[in-house]
Amino acid sequence: AGRVVAVTGASKGIGWAVAEALAAQGARVIGGARDVGGLSLDGSAFHPLDVTDEASVQAFAEAAVRAGVDALVNNAGVGSFAPVEEITPEEYRRVMDTNVLGTLLVTRALIPHFRERHARGAGSQVVNVTSDVSGRTFGTGALYTASKYAQRALTQALAHEGHGYGLRVTEIRPGMVDTFFADTVQGEAHKAAWLRPADVADAVLYALTAPVHARIDEVLLHPVVQEVAF
Ligand code: NJP
């Protein structure tokens, strides 16, 4: 309660579950996605946001600052899987622009506000939903995992810099989650044993509700059915 949290990619999947979980705890959510038609949650506001577009990001950040945002959840992201020989420059740009540039633009837009909060003695938080593949890869994963490795590097560099202005940074690294990810449909039978968006939302809330003297650096979580090579 009392927290104001900006969430990108808040219209469905993990982002929507994060928004719902935060609202249920009495936080005010400033949610963004390209299509926010028909979304509503108690005490929350949804704004059209394309994380790849600087002007759109600026308008979203201004709305978040006006609301007194104290935490940002960078969750917006897209999946794309193909062998290296089939990856086009257009698809490269779509995935990297959304997952990497998007995270950079939204974060960068809020840093002046987080610095100002620090000057007033208040801390802030950034939680990046990356992936378990931010540190491992597989065939057909070149483009997507490259974007997630890059997002992890960005997250860790921000954690170093954030020391200087009271910013705690967390990376959430889920395995397979039943969402609309990579043009799939939530609730498909073959995903029945995967993580639920609410499971990932729990991890985000764990980071956001950690005591102020504690920083949750990263959370790695998988469905039991997913075998992983660490
Ligand atoms: O995907 P989905 P998830 N600007 O498709 C939004 C990571 N992850 O919840 O813009 C702003 O259900 C989109 O809204 P819209 C994954 O990499 C997942 O699974 O209207 N928003 C929607 O709200 C990603 O970083 C799995 O289309 C944009 C949301 O993003 C995060 O989890 C595994 C946007 C996507 O909802 C959430 O993905 C894993 C833009 N340009 C990591 N483009 C998994 N599901 O298995 C998209 O390891 N959005």
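J.: Go over the overall build of the protein, please, and point to the residues and values.
T.: Check the secondary structure of the protein and you find five helices and seven strands. Helices and strands in the protein line up, N terminus first, as β-α-β-β-α-β-α-β-α-β-α-β. When burial is assessed residue by residue, the protein has 50% of its 230 residues classed as buried. Long-range contacts, defined as pairs at least 24 residues apart, comprise 65% of the intrachain contacts of the protein with a sequence gap of at least 6. As displayed, the protein offers around 10900 Å² of accessible surface, 54% of which is attributable to carbon and sulfur atoms. Between the mean site of the 19 positive side-chain charges and the mean site of the 25 negative ones, the protein shows a separation of 6 Å.

J.: Tell me about the site of the ligand, and please be specific about residues and values.
T.: Taken together, the neighbourhood of the ligand is formed by 30 residues, with S11, S131, Y144, P174 and T179 sitting nearest. Between an oxygen atom of the ligand and a side-chain N or O atom of R34, the distance comes to 2.8 Å. Within the contact set of the ligand, an oxygen atom lies 3.0 Å away from a backbone nitrogen or oxygen of F180. Coverage of the ligand by the protein amounts to 94% of the 900 Å² it exposes when considered alone. When residues of the shell around the ligand are traced back to their parent elements, those giving at least two are α1 (13-24) and α4 (142-162). Across the shell around the ligand, the residue classes tally to 14 nonpolar, 10 polar and six charged.

J.: Which residues make up α1, and what are the values?
T.: Given a rise of 1.5 Å per residue, 12 residues ought to cover 16 Å, and the 17 Å separating the end C-alpha atoms of α1 matches this to within 8%. Within α1 the residues assigned to the buried category are G13, I14, G15, A17, V18, A19, L22 and A23. Those residues of α1 that are buried are in contact with β1 (4-8), β2 (28-33) and α5 (197-208). After α1 finishes, the residue G26 shows a positive phi value of roughly 90°.

J.: I'd like a rundown of α5, residues and numbers included.
T.: For α5, with 12 residues, the first-to-last C-alpha span of 17 Å sits near the 16 Å given by 1.5 Å per residue. Regarding α5, the residues found buried are P197, V200, A201, A203, V204, L205, A207 and L208. On its buried face, α5 sits against β1, α1, β4 (71-74), β5 (124-129), β6 (167-174) and β7 (218-221).

J.: So what about the sheet that holds β1? Which residues, and what values?
T.: The seven strands are arranged β3-β2-β1-β4-β5-β6-β7 in an open sheet whose pairing can be described as parallel. Edge positions in the sheet fall to β3 (45-48) and β7, since each of these pairs with one other strand and no more. Across the sheet, the mean angle separating the axes of adjacent strands is 15° when strand polarity is ignored. Direction of pairing for β6 relative to β7: parallel, over a ladder of four bridges. In the strand pairing of β7, P174 is matched with L221. The strands touched by α1 are β1, β2 and β3; relative to β1, the strand with the most contacts, the crossing angle is about 165°. Most of the contacts of α5 go to β5, to which it runs at about 155°, and overall it touches β1, β4, β5, β6 and β7.

Parameters at a glance
Residues numbered from 1 in each chain as written. Predicted model: local features only at pLDDT ≥ 70, side-chain atom pairs only at ≥ 80, totals over all residues. Heavy atoms only, no water. Helix = DSSP H or I, 4+ residues; strand = E, 2+ residues; numbered from the N terminus. Buried < 20%, exposed > 50% of the residue type's maximum accessible area, 1.4 Å probe, protein only. Contact = heavy atoms within 4.5 Å. Areas by Shrake-Rupley, 256 points an atom, 1.4 Å probe, with all protein chains shown as cover. Lys, Arg positive; Asp, Glu negative; His and termini not counted. Charge placed at Lys NZ, Arg CZ, Asp CG, Glu CD. Near = heavy atom within 4 Å. Polar contact = N/O pair within 3.5 Å; in protein donor to acceptor, adjacent residues only side chain to side chain. Nonpolar A, V, L, I, M, F, W, Y, C, P; charged D, E, K, R; others polar. Expected span 1.5 Å × (residues − 1). Pairing = 2+ DSSP bridges. Axes fitted to C-alpha atoms, helices over the stretch in contact; angles between N-to-C directions.

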